[in-house]
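In case you want the letters, here they are:
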Amino acid sequence: RVIASGFSYGSTTSALAATLEPSAFQCAVMLDGWFHVDYNSQGVEYDFPPEAFGDVWPKKREKDARSQKDGVSTMNRNNGSREECNKRSCLNIPCVFINSEQFHGYKKLYRATVRLADQLNN
């Protein structure tokens, strides 16, 4: 087994690989992970990769899969339940998240990283 590791989008790729094939990885180290897509001009916003958060890929303007908040479509998590994540369908290996001071300034990215870390702690 290997250690999944990456910086920025590489962290996202590591999270996806570890979610899809957890038995192949011993753990993951993620630096300044890009765990949130905010394409506000198109009305799309979601945690990324959705699989790592126990979600499915969003479809633009699909009202039953997303909720409206401040004019931006966002995904409902696990059919409305953020507290429970099916451990077979989300990131579930030991992980270390390292965030730089600069990264911490990107609030939505940072909050998505915290949500992913919290999910591992529950």
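Our subject is the structure that appears above.
Numbering of residues begins from 1 in every chain and follows the order in which that chain's sequence is written. Side-chain atom pairs in this predicted model are given and counted only at pLDDT of 80 or more, local residue features only at pLDDT of at least 70, and totals for whole chains, interfaces and linings cover all residues. The side-chain numbers reported here are obtained from all heavy atoms of the structure, hydrogens and water having been left aside.

**A short note on helix H3 (residues 107–121)**
Here is step 1 of the chain: Along its 15 residues, H3 runs 21 Å from first to last C-alpha, staying within 8% of the 21 Å computed at 1.5 Å per residue.
Here is step 2 of the chain: Each residue's exposure class comes from its accessible area (1.4 Å probe, protein chains only) as a fraction of the maximum for that residue type: buried when under 20%, exposed when over 50%, partly exposed otherwise. Every helix listed is a DSSP run of H or I at least four residues long, and every strand listed is a run of E at least two residues long, numbered separately from the N terminus. Buried within H3 we find Leu-109, Ala-112, Thr-113, Leu-116, Ala-117 and Gln-119. Taken around the axis of H3, the buried residues stretch over an arc of 155°, which confines them to a single face.
Here is step 3 of the chain: What makes two residues a contact is simply this: any of their non-hydrogen atoms within 4.5 Å. Elements in contact with the buried residues of H3: strand S3 (36–39), strand S4 (44–47), strand S7 (95–98) and helix H2 (101–104). The span you would expect from a helix comes to 1.5 Å times its residue count less one. The arc in question is the one traced by the directions running from the helix axis out to the C-beta atoms.

**Looking at the nonpolar core**
Here is step 1 of the chain: We define a nonpolar core as any set of buried Ala, Val, Leu, Ile, Met, Phe, Trp, Tyr and Cys residues linked to one another through side-chain atoms lying within 4.5 Å. Counting 13 residues, the largest nonpolar core has Phe-35 and Leu-91 as its most contacted members.
Here is step 2 of the chain: Listing elements by their share of this core, those giving two or more residues are helix H1 (9–20), strand S2 (25–31) and H3.
Here is step 3 of the chain: Broken down by element, this core gets its largest block of residues, 3 residues, from S2.

**Quick look at the pattern of salt bridges**
When the charged atoms of two side chains with opposite charge come close together, those side chains can pair.
Here is step 1 of the chain: By definition here, a salt bridge exists when the distance from a side-chain nitrogen of Lys or Arg to a carboxyl oxygen of Asp or Glu is within 4 Å. Summed over the entire model, instances satisfying the criterion amount to 3 salt bridges.
Here is step 2 of the chain: As a salt-bridge pair, Asp-38 and Lys-108 come within 3.0 Å of each other at their nearest N and O atoms. Within this pair, whereas Asp-38 is found in strand S3, its partner Lys-108 is found in helix H3, the two being separated by 70 residues in sequence.
Here is step 3 of the chain: Note that Glu-45 is salt-bridged to Lys-108, the shortest N-O span being 3.4 Å. Residue Glu-45 is located in strand S4, and its partner Lys-108 is located in helix H3; the two are separated by 63 residues in the primary sequence.
Here is step 4 of the chain: The class of Glu-45 is buried, set by a relative accessible area of 10%.

**Overview of the side chain of Gln-119**
Here is step 1 of the chain: Of note, Gln-119 is situated in helix H3.
Here is step 2 of the chain: Residue Gln-119 is classed as buried on the basis of its relative accessible area of 10%.
Here is step 3 of the chain: For Gln-119, the side chain forms a polar contact with the main-chain oxygen of Ala-52, separated by 2.7 Å. Within 3.5 Å is the distance limit for a polar contact, defined as a pair of N or O atoms, with the added protein rule that one can donate a hydrogen and the other accept it, and that residues adjacent in sequence qualify only through two side-chain atoms.

**Quick word on the packing of aromatic side chains**
Here is step 1 of the chain: Any two of the Phe, Tyr and Trp rings considered here, Trp counted by its six-membered ring, make a pair once their centres fall within 6.5 Å; the pair's planes then place it as stacked at under 30 degrees, edge-to-face at over 60, or tilted in between. For the structure shown, the criterion picks out 3 aromatic pairs.
Here is step 2 of the chain: A ring pair is formed by Tyr-46 and Phe-48, whose centres lie 6.3 Å apart and whose planes are at 70°; its orientation type is edge-to-face. As far as burial versus exposure is concerned, Tyr-46 and Phe-48 are alike and both buried.
Here is step 3 of the chain: Ring pairs connect the aromatic residues Tyr-9, Tyr-46 and Phe-48, which therefore count as one cluster.

**Brief notes about the pairing of S2**
Here is step 1 of the chain: At least two bridges found by DSSP between two strands are what make those strands a pair. Relative to S2, strand S1 (residues 2–7) runs parallel, the two being bridged by 6 bridges. Residue pairing across strands places Gly-6 opposite Met-30, the latter belonging to S2.
Here is step 2 of the chain: Here S2 runs beside S7; their pairing, made up of 4 bridges, is parallel. Across the sheet, the residue bridging to Ala-28 is Cys-95, located in S7.

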